[in-house]
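Structural features, examined
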Amino acid sequence: MKMRRFLSVLLVATALFSSSCCSDSEKQAPKKAKNVIVLIGDGMGPAQVYSLILTSPEKTAFQRFPYSGFSVTKSASNEITDSAAGGSAIANGNKTNNGVIGMNPDSIPVPSMLEIFAGQGKKTGVVVTCAVTHATPAAFMAHNISRKNNEEIALEISEKDCPDVLFGGGKKYFTERKDGLDLVSKMWEKGWNIYDSLPQIEDNNARTMVLADRKHLAEAPKRGDFLPNATAKAIEMLDNEKGFFLMIEGSQIDFACHDNDSATLVEEMRDFNKTLDVVLDFAEKDGNTLVVVTADHETGGLTIIDPEGNYTRTDFHFSTGSHSAVFVPVFSYGPGAERFSGVMDNTEIISRIMENVK
Ligand code: MG
Ligand code: ZN
């Protein structure tokens with residue numbers, strides 16, 4: 001009898017122990033992020049990142065990320081993607097044809113993660129150094145059959161409820177239009193605050209657009225610290241209880257590589273690196289922010305070689321004036337960051353983000 005009692009006590013104790021070892025408090029659900037910051041280096045393949053590492057005396061921001069992986073960038077129509085299809089695949093998780101913004105190959109609009117997060121009550125923002133209607137930012141904010149329709153894309157942006165913060169260039173598509181509309185005036189009437197420069201911003205809580213140039217901003221370093229400063233300001237304005245989504249683009253890494261201009265490429269990479277430091281400093285302090293850095297494609301077919309082949313010097317060698325088909329890197333930090341290691345399709349980035357955000 002006594003032995004039986006002992007055994008049953010033992011069984012209960014074992015059961016209790018095993019249940020307590022696997023209770024909710026012990027087997028904690030992985031922490032989810034409140035904020036998401038996606039950074040896209042347009043045209044930034046592995047060699048573009050390596051060009052920064054080779055020319056930086058100090059550790060780069062890329063080396064601060066605990067996880068990294070590769071993204072497959074081909075589009076629905078082409079093995080070599082453009083920024084419209086590449087940006088759309090990242091923004092909404094669907095492969096589409098080159099040139100198409102925010103639609104699937106059947107021209108059906110697909111909501112972007114910016115729009116989905118806005119619908120969930122998060123604040124949203126876009127910060128770029130090109131015209132805000134250009135392919136990459138457009139893929140997050142608009143749906144159009146062609147990236148060339150800058151004025152239609154500007155009109156769509158002016159009529160939407162998101163984003164809350166939009167910093168970049170491209171004022172001419174809002175004010176010098178074939179249809180004669182002055183979208184800047186219309187947007188002021190709708191409650192936007194609109195300026196030419198960041199220091200003019202007075203009210204952090206108002207929907208705010210800064211169009212710092214008629215078209216794209218100047219190349220680095222001529223535009224100063226616009227991208228890191230705009231990023232810091234956007235984070236300050238967006239940070240709130242419900243969280244935020246922010247897309248930041250190093251837009252002109254691509255332009256420098258189209259021009260096969262290695263000096264400007266390195267300046268653009270330094271500018272993007274400084275911006276990454278701003279984002280990581282915030283994310284480290286905040287503890288609730290998932291940061292994902294990737295590219296839409298590689299530009300220039302960049303390799304870093306010794307033309308004599310004896311490894312005594314390095315030369316930046318571009319093999320094309322357009323894009324190439326190679327893996328682009330993915331770097332991640334914060335809650336859920338481990339989901340971005342390995343090889344992923346560019347269409348998988350959105351779901352890996354979504355499953356790690358509360
Ligand atoms: Mg772009
Ligand atoms: Zn390009």
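Because the structure is predicted, anything quoted here is derived from the model rather than measured.

Details of the packing of aromatic side chains
As enumerated under the stated definition, the model contains 8 aromatic pairs in all. Centre to centre, the rings of W188 and Y195 are 6.0 Å apart; their planes meet at 90°, and the pair counts as edge-to-face. With relative accessibility at 39%, the residue W188 sits in the partly exposed group. In this structure Y195 comes out as buried when scored by relative accessible area, which is 13%.

Focus: the nonpolar core
Grouped together as the largest cluster of nonpolar side chains are 49 residues, with contacts concentrated most on M113, F140, F174, F245 and I353. The leading source of residues in this core is helix 5 (residues 135–141), at 5 residues. Beyond its immediate stretch of four places on either side in the chain, F140 contacts I40, G87, I90, A91, S112, M113, L114, E115, F245 and M247. One finds V127, L238, F244 and L280 within the second-largest nonpolar core, a separate group that totals 46 residues.

What to know about the coordination of the magnesium ion (ligand 1)
Within the protein, the magnesium ion (ligand 1) binds to D42 (OD), T136 (OG1) and E249 (OE); these donor distances fall in the range 2.0 to 2.2 Å. Between consecutive donor residues of the magnesium ion (ligand 1), the sequence gaps follow D-x93-T-x112-E. Of this pair, D42 sits in the loop between strand 1 (35–41) and helix 2 (46–55) while E249 is found in strand 7 (residues 244–250), placing the two residues 207 residues apart along the sequence. Exposure class is identical for D42 and E249. Each is buried.

Thoughts on the coordination of the zinc ion (ligand 2)
Every protein donor of the zinc ion (ligand 2) is accounted for by D254 (OD), D254 (OD), H258 (NE2) and H323 (NE2), and the metal-donor separations fall at 2.1 to 2.5 Å. Note that the zinc ion (ligand 2) binds 4 donor atoms; their angles at the metal cover 55 to 158°, and the shape is irregular. Written as a sequence motif, the donor arrangement for the zinc ion (ligand 2) is D-x3-H-x64-H. Here H258 is found in helix 10 (residues 253–258), whereas its partner H323 is found in strand 12 (residues 323–324), with 65 residues between them in sequence. A relative accessible area of 13% places H323 in the buried class.

Some points on the environment of S68
Mapping S68 onto the fold places it in strand 2 (residues 67–72). For the pair S68 and R339, spaced 271 residues apart in the sequence, the C-alpha separation amounts to 9.3 Å. Aside from chain neighbours lying at most four places away, what touches S68 is V330, F331, F340, S341 and G342.

Comments concerning the side chain of S83
Structurally, S83 is set in helix 3 (residues 83–92). At 2.9 Å, the side chain of S83 forms a polar contact with the side chain of H297. If near-sequence neighbours (up to four positions away) are discounted, S83 is found in contact with D42, S88, A135, T136, R147, D296, H297 and H323.

A look at the pattern of salt bridges
Overall, the coordinates contain 19 salt bridges when judged by the stated rule. Between K233 and E236 there is a salt bridge whose closest N-O contact spans 3.3 Å. Of the two residues, K233 and E236 are both situated in helix 9 (residues 226–238); the distance of 3 residues between them amounts to about one turn of the helix. E308 is the partner of R313 in a salt bridge, and the nearest nitrogen-oxygen pair spans 3.4 Å. The exposure class of E308 is exposed, given its relative accessible area of 53%.

A few points about the sheet that holds strand 2
Spatially, 10 strands are ordered 5-6-4-3-7-1-8-13-2-14 in an open sheet, and the strand pairing comes out mixed. The strands lining the two open edges of the sheet, one partner per strand, are strand 5 (193–195) and strand 14 (342–345). If you compare each strand with its neighbour and ignore which way they point, the axes differ by 15° on average. Relative to strand 13 (residues 328–333), strand 2 runs antiparallel, the two sharing 5 bridges. The residue bridging F70 from the neighbouring strand is P329, located in strand 13. Where helix 11 (residues 262–286) meets the sheet, it contacts strand 1, strand 7, strand 8 (289–294) and strand 13, and its direction lies at approximately 165° from that of strand 1.

Some points on the pairing of strand 13
Of all 6 residues in strand 13, 6 are buried; the element is thus mostly enclosed. Residues V328, V330 and S332 of strand 13 are buried on one face, and the alternating residues P329, F331 and Y333, pointing to the opposite face, are buried as well.

Concerning a nonpolar patch on the surface
Together, F70, F327 and V343 make up a nonpolar patch on the protein surface, roughly 270 Å² of accessible area in all. Mapped onto the secondary structure, F70 falls in strand 2. According to the relative accessible area criterion, F70 is partly exposed, its value standing at 37%.

Considerations on helix 2
Among the residues of helix 2, A47, Q48, V49, S51 and L52 are the ones counted as buried. Buried-residue contacts for helix 2 involve helix 10, helix 11, strand 9 (298–299), strand 10 (303–305), strand 11 (315–317) and strand 13.

Quick word on the confidence of the model for the protein
Chain-level statistics for the protein give a pLDDT mean of 94 and a share of 92% at 70 or above. The least confident element of the protein is helix 1 (residues 2–21), whose mean pLDDT is 48; the most confident is strand 1, at 99. Note that pLDDT drops below 50 for residues 9–22; the model gives that stretch 3 contacts with residues more than four away or on any other chain.

Procedures and definitions
Residues numbered from 1 in each chain as written. Chains lettered and ligands numbered in written order. Predicted model: local features only at pLDDT ≥ 70, side-chain atom pairs only at ≥ 80, totals over all residues. Heavy atoms only, no water. Phe/Tyr/Trp six-rings, centres within 6.5 Å; stacked < 30°, edge-to-face > 60°. Buried < 20%, exposed > 50% of the residue type's maximum accessible area, 1.4 Å probe, protein only. Core = buried A, V, L, I, M, F, W, Y, C linked by side-chain atoms within 4.5 Å. Helix = DSSP H or I, 4+ residues; strand = E, 2+ residues; numbered from the N terminus. Contact = heavy atoms within 4.5 Å. Donors = N, O, S within 2.8 Å, 3.2 Å for Na, K, Ca; no water. Tetrahedral: all angles 85-135°; square planar, octahedral: opposite > 155°, others 65-115°. Polar contact = N/O pair within 3.5 Å; in protein donor to acceptor, adjacent residues only side chain to side chain. Salt bridge = Lys/Arg side-chain N within 4 Å of Asp/Glu carboxyl O. Pairing = 2+ DSSP bridges. Axes fitted to C-alpha atoms, helices over the stretch in contact; angles between N-to-C directions. Patch = residues over 30% accessible without salt bridge, like charges linked within 9 Å, V, L, I, M, F, W, Y side chains within 5 Å. Areas by Shrake-Rupley, 256 points an atom, 1.4 Å probe, with all protein chains shown as cover. pLDDT = per-residue confidence, 0-100.

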